Amino acid sequence: MRVLVVEDDAVLLDAVRVGLGLAGATVDGVASCADARAALSTGGFDAVVLDVMLPDGSGLDLLSAWRRGGDRTPVLLLTALDEVADRIRGLDTGADDHLGKPFDLDELAARVRAIARRGAGRAAALLQLGDILLDPAAQRVTLAGRPVELSRREFAVLAALMERPGTIKSRPDIETRLYGWQEEIESNAVEVYIHNLRAKLGREAIETVRGVGYRMRAPR
Amino acid sequence: MTSIQGRLFAILLAGTGLLWLCAAAWIYAGATQRLQQVLDSRLQASAHMVASLLTDGNLVAASPGAARIPSLEGAGRPLSCQVWSLDGRLVARSEGAPLAKLSDQPPGFADHDVGGEPWRVYVVEDPAKGLRILVGDRLVERQALLAELIKSLLVPGLLILPLLGLLIWACLARGFRPLRALTGELNRRSEEDMRPIEAAPDAPTEIRPVVQALNDLFAKVEAARRQERAVTAFAAHELRTPLAGLKAQAQIAIAASHDAAVRDGALRQILVAVDRTTRLVRQLLSMAKLDSASEAERLEEIDLAALLAEVTEPQRGATGRVEIAPELRGLVLRGNRALLALALRNLHENAVQHMPPGGLVRWGLEDGDRLFVEDEGPGIPAEELPLVTQRFFRGRHKSPTGSGLGLAITELALRQGGWALALRNRVASPGLRAEILLRGA
């Protein structure tokens, strides 16, 4: 799960970035409307955490512009103006959820997971494909009821593939889900993770579509 | 508690009563004198009449004291008359006249005590006939007359006085009705209601200025309240964000107990957040103090160089240099030291915060009355210059620990101290130049 965080308070931005990272998300943080606009246009975000008061404008205006432009990325608004009218305005502008400052980091992570899930067209919190059961909240995977030990990155690759079973994910697709901007993309890393996953879940679990990418094999 | 209505009532009633009493006293005094004169001349006339009526011998034959004179009727009251021989025998007396001699005085008027009663007596002597004629009046009767007169003056007064009092009270009550109406309206108001009072169309000219003044006050209170609400909302917002950061970082520190690097990072961020929140709270308190109390009354001689040294001291040894121009030495001005110190401290912090590493913050004086500070930071975008003195405005080039209050506090403190702040970007090189007009705006 890749999340864009737009927050101008450096401490809070850092906290959300680290916090969502601990919850298994790949997080990119920006501190202004302009940077947020540029970031979102690169695509690939499963959710956006958006502060309402930004130094170069209002988060609500930004959101409204995104929605007018047809962007459907789920957005969670962070506001310090805790009035009902503000919340209503935020939701009516196109936000999917709302959280008032100060908030609980675990709750933020859960809400981000929820809007990302709904944005991907799913209602169930757990991803299941055949024997494989993936719990995004607990960052746990079981195979036929037995827990499978996965690294953070391996988990992220599996989650990306299981979100829409049957669709093919290209290597760059998977890479954007794994790495924030600041991180160096290791070459062949995706191949290594796929290899590891196959070793732990069974060779036939992930199918290579030559020249295109990878997809989960539908259960027999 | 004194009531204007009660006091006016007392004054009016007492005044009217006093006037009445004075008139009565005046009339009484005049009437007394006039009555004395009239009654005295009646005594005199009666005595002379009796003397002229007496002829030789027409009383001599009579036994001593037996002779009777028909009672002298005057103005409905009998006078007493005695005729004495010069050798001391009572020759005759009128009916009702006492037997005791009315007077031993020589001819003329005399006051005499007869049988315990005060008398007014007129004496005529007729040496040719050897007789003394005495005509007298009981003073008691005269006083009764006067008492009746004064009673006829006072009784109507006493009867009318309560009526007059009622009339005065009613007039006063009517006169004070608009004031009572205003009091009622103010009493009924809730503390939230700041709408102007509508003066009744027939409100007297004495009430209208009061209503106007009250409405002006309402408007001022309302404006102050709105401002306060806006500031409170902003303060809440500005406090919540660092608190949210604090809380989230604390949660990370707890959650990442196994990962020392993450935990230490979170703890360092907590320190930053605490510093920023501390500063914000300090600024909020400064602001509240400026808003609530006017300290500008305490004027003293301020040694500018000493004050600057004191203000810039805590910031020294940061990443850059601070220079205080030599021409500031020995400059003394009169004003409120606390306000100027607050303004200078905020300007200096602002300059230091935006200073690039190794930069220079320079304090100087221009034209003898413009104290300025120049930094080498990014300056303020031209379109933000008019906004930066608003509370909680944080521009594009904000510092991580900025509260959005520093320049607002500076501006307010200087204004209260009778000075003025001017901000502009430096022309030759990047940086902000803040000027304080020491002679005020």
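Remember, it's a predicted structure, so these values are computed and weren't measured experimentally.

A. Summary view of the overall build of chain A. Looking only at helices and strands, chain A has eight helices and 13 strands in total. Taking all 220 residues of chain A together, the buried fraction comes to 52%. Once local pairs closer than 6 in sequence are excluded, the contacts in chain A between residues at least 24 apart make up 59%. Carbon and sulfur atoms form 49% of the exposed surface of chain A, whose accessible area is close to 10100 Å².

B. Summary view of the pattern of salt bridges. All names here are of chain B. All chains considered together, the criterion is met by 39 salt bridges over all chains. The closest approach of N and O atoms between R337 and E310, which form a salt bridge, is 3.3 Å. Of this pair, R337 sits in helix α7 (residues 337-353) while E310 sits in helix α6 (residues 304-312), placing them 27 residues apart in sequence. Looking at E310, the relative accessible area reads 42%, which means it is partly exposed. With a closest N to O distance of 3.2 Å, R370 and D367 form a salt bridge. What makes D367 exposed here is its relative accessible area of 60%. Here the salt bridges do not stand alone but share partners, grouping R362, E366, D367, R370, E374, R424, R426, R433 and E435 into one network.

C. Broad picture of the interface of chain A and chain B. Opposite the 22 residues of chain A that make contact, chain B presents 22 residues. Roughly 1900 Å² of surface becomes buried between chain A and chain B when both sides are summed, with 65% attributable to carbon and sulfur atoms. At the boundary of chain A and chain B, one finds one salt bridge. The closest approach of N and O atoms between R276 of chain B and D9 of chain A, which form a salt bridge, is 2.3 Å. Here chain A is connected to chain B by seven residue pairs in polar contact (both at pLDDT 80 or more). For the side of chain A that touches chain B, the elements supplying multiple residues, two or more each, are α1 (10-22) and α5 (105-119) of chain A. At eight residues, the largest contribution of residues to the side of chain A that touches chain B is made by α1 of chain A.

D. A look at the nonpolar core. All names here are of chain B. In this structure, L344, W363 and L371 are the most contacted members of the largest nonpolar core, which totals 47 residues. With nine residues, α7 is the single largest residue contributor to this core. For this core, the domains that each give at least three residues are domain 2 (207-289) and domain 3 (295-437).

E. Up close: the sheet that holds strand β1 (residues 2-6) of chain A. Residue and element names in this part refer to chain A. Strand order in this open sheet of five strands is β2-β1-β3-β6-β7, and the pairing throughout is parallel. Bordering the open sheet on either side are β2 (26-30) and β7 (97-100), each of which pairs with just one other strand. With direction set aside, neighbouring strand axes in the sheet form an average angle of 20°. Here four bridges tie strand β3 (residues 47-51) to strand β6 (residues 75-79), and the two strands are oriented parallel to one another. Across the sheet, the residue bridging to D51 is L78, located in β6.

F. Looking closely at the confidence of the model for chain B. Residue and element names in this part refer to chain B. Chain-level pLDDT for chain B is 81 on average; 89% of the residues reach the 70-or-more range. Within the model, pLDDT remains below 50 along residues 60-66, and this stretch shows six contacts once partners closer than five positions in the same chain are excluded. Confidence metrics for the complex model read pTM 0.58 and ipTM 0.77.

G. Region of interest: the packing of α7 of chain B against helix α8 (residues 406-417) of chain B. Residue and element names in this part refer to chain B. It is the contact of α7 with α8, at a shortest axis distance of 8 Å, that shows an interaxial angle of 155°. With respect to their mutual orientation, α7 and α8 come out roughly antiparallel. Note that α7 runs across α8; the crossing there is left-handed. Mapping the contact onto sequence places L339, L340, L342, A343, N346, L347 and N350 in α7 and G406, L407, I409, T410, A413, L414, Q416 and G417 in α8.

H. Highlighting the pairing of strand β5 (residues 108-114) of chain B. All names here are of chain B. In terms of strand pairing, β5 meets strand β6 (residues 117-126) through seven bridges, oriented antiparallel. Looking at β6, one finds that D111 is bridged to R120. Following β5, the chain reverses through two residues before pairing antiparallel with β6; G115 in that reversal takes a positive phi of roughly 55°.

I. Geometry of the packing of aromatic side chains. Applying the stated criterion across every chain, the model contains two aromatic pairs over all chains. Residues F9 of chain B and W169 of chain B carry aromatic rings whose centres are separated by 4.9 Å and whose planes lie at 85° to one another, so their mutual orientation is edge-to-face. With a gap of 160 residues between them, F9 of chain B in helix α1 (residues 4-53) and W169 of chain B in helix α2 (residues 139-175) connect regions that are remote in the sequence. Taking relative accessible area as the criterion, W169 of chain B reaches 40% and is therefore assigned partly exposed. On the basis of an interplanar angle of 55° and a centroid distance of 4.6 Å, the ring pair of F109 of chain B and Y122 of chain B is categorised as tilted. Within this pair, whereas F109 of chain B is found in strand β5, its partner Y122 of chain B is found in strand β6, the two being separated by 13 residues in sequence. The ring of F45 of chain A has R2 of chain A sitting right over it, with the charged end atom 4.6 Å from the ring centre. In this structure, R433 of chain B packs its charged tip against the face of F372 of chain B, placed 4.0 Å from the ring centre.

J. Layout of a nonpolar patch on the surface. All names here are of chain B. Among the surface-exposed residues, W20, V155, L159, I160, L163 and L166 lie close enough to one another that they form a single nonpolar patch of about 590 Å² accessible area. Ranked by residue count, the leading element in the nonpolar patch is α2, at five residues. Mapped onto the elements of the fold, L159 is located in helix α2. When its relative accessible area of 60% is taken as the criterion, L159 is described as exposed.

Calculation rules
- Residues numbered from 1 in each chain as written.
- Chains lettered and ligands numbered in written order.
- Predicted model: local features only at pLDDT ≥ 70, side-chain atom pairs only at ≥ 80, totals over all residues.
- Heavy atoms only, no water.
- Helix = DSSP H or I, 4+ residues; strand = E, 2+ residues; numbered from the N terminus.
- Buried < 20%, exposed > 50% of the residue type's maximum accessible area, 1.4 Å probe, protein only.
- Contact = heavy atoms within 4.5 Å.
- Areas by Shrake-Rupley, 256 points an atom, 1.4 Å probe, with all protein chains shown as cover.
- Salt bridge = Lys/Arg side-chain N within 4 Å of Asp/Glu carboxyl O.
- Buried area = accessible area lost by both parts, 1.4 Å probe.
- Polar contact = N/O pair within 3.5 Å; in protein donor to acceptor, adjacent residues only side chain to side chain.
- Core = buried A, V, L, I, M, F, W, Y, C linked by side-chain atoms within 4.5 Å.
- Domains from an automatic or database assignment.
- Pairing = 2+ DSSP bridges.
- Axes fitted to C-alpha atoms, helices over the stretch in contact; angles between N-to-C directions.
- pLDDT = per-residue confidence, 0-100.
- Parallel < 35°, antiparallel > 145°, perpendicular 65-115°, else oblique.
- Left-handed = near helix turned anticlockwise from the far one by under 90°.
- Phe/Tyr/Trp six-rings, centres within 6.5 Å; stacked < 30°, edge-to-face > 60°.
- Lys NZ or Arg CZ within 6 Å of the ring centre and 35° of its normal.
- Patch = residues over 30% accessible without salt bridge, like charges linked within 9 Å, V, L, I, M, F, W, Y side chains within 5 Å.

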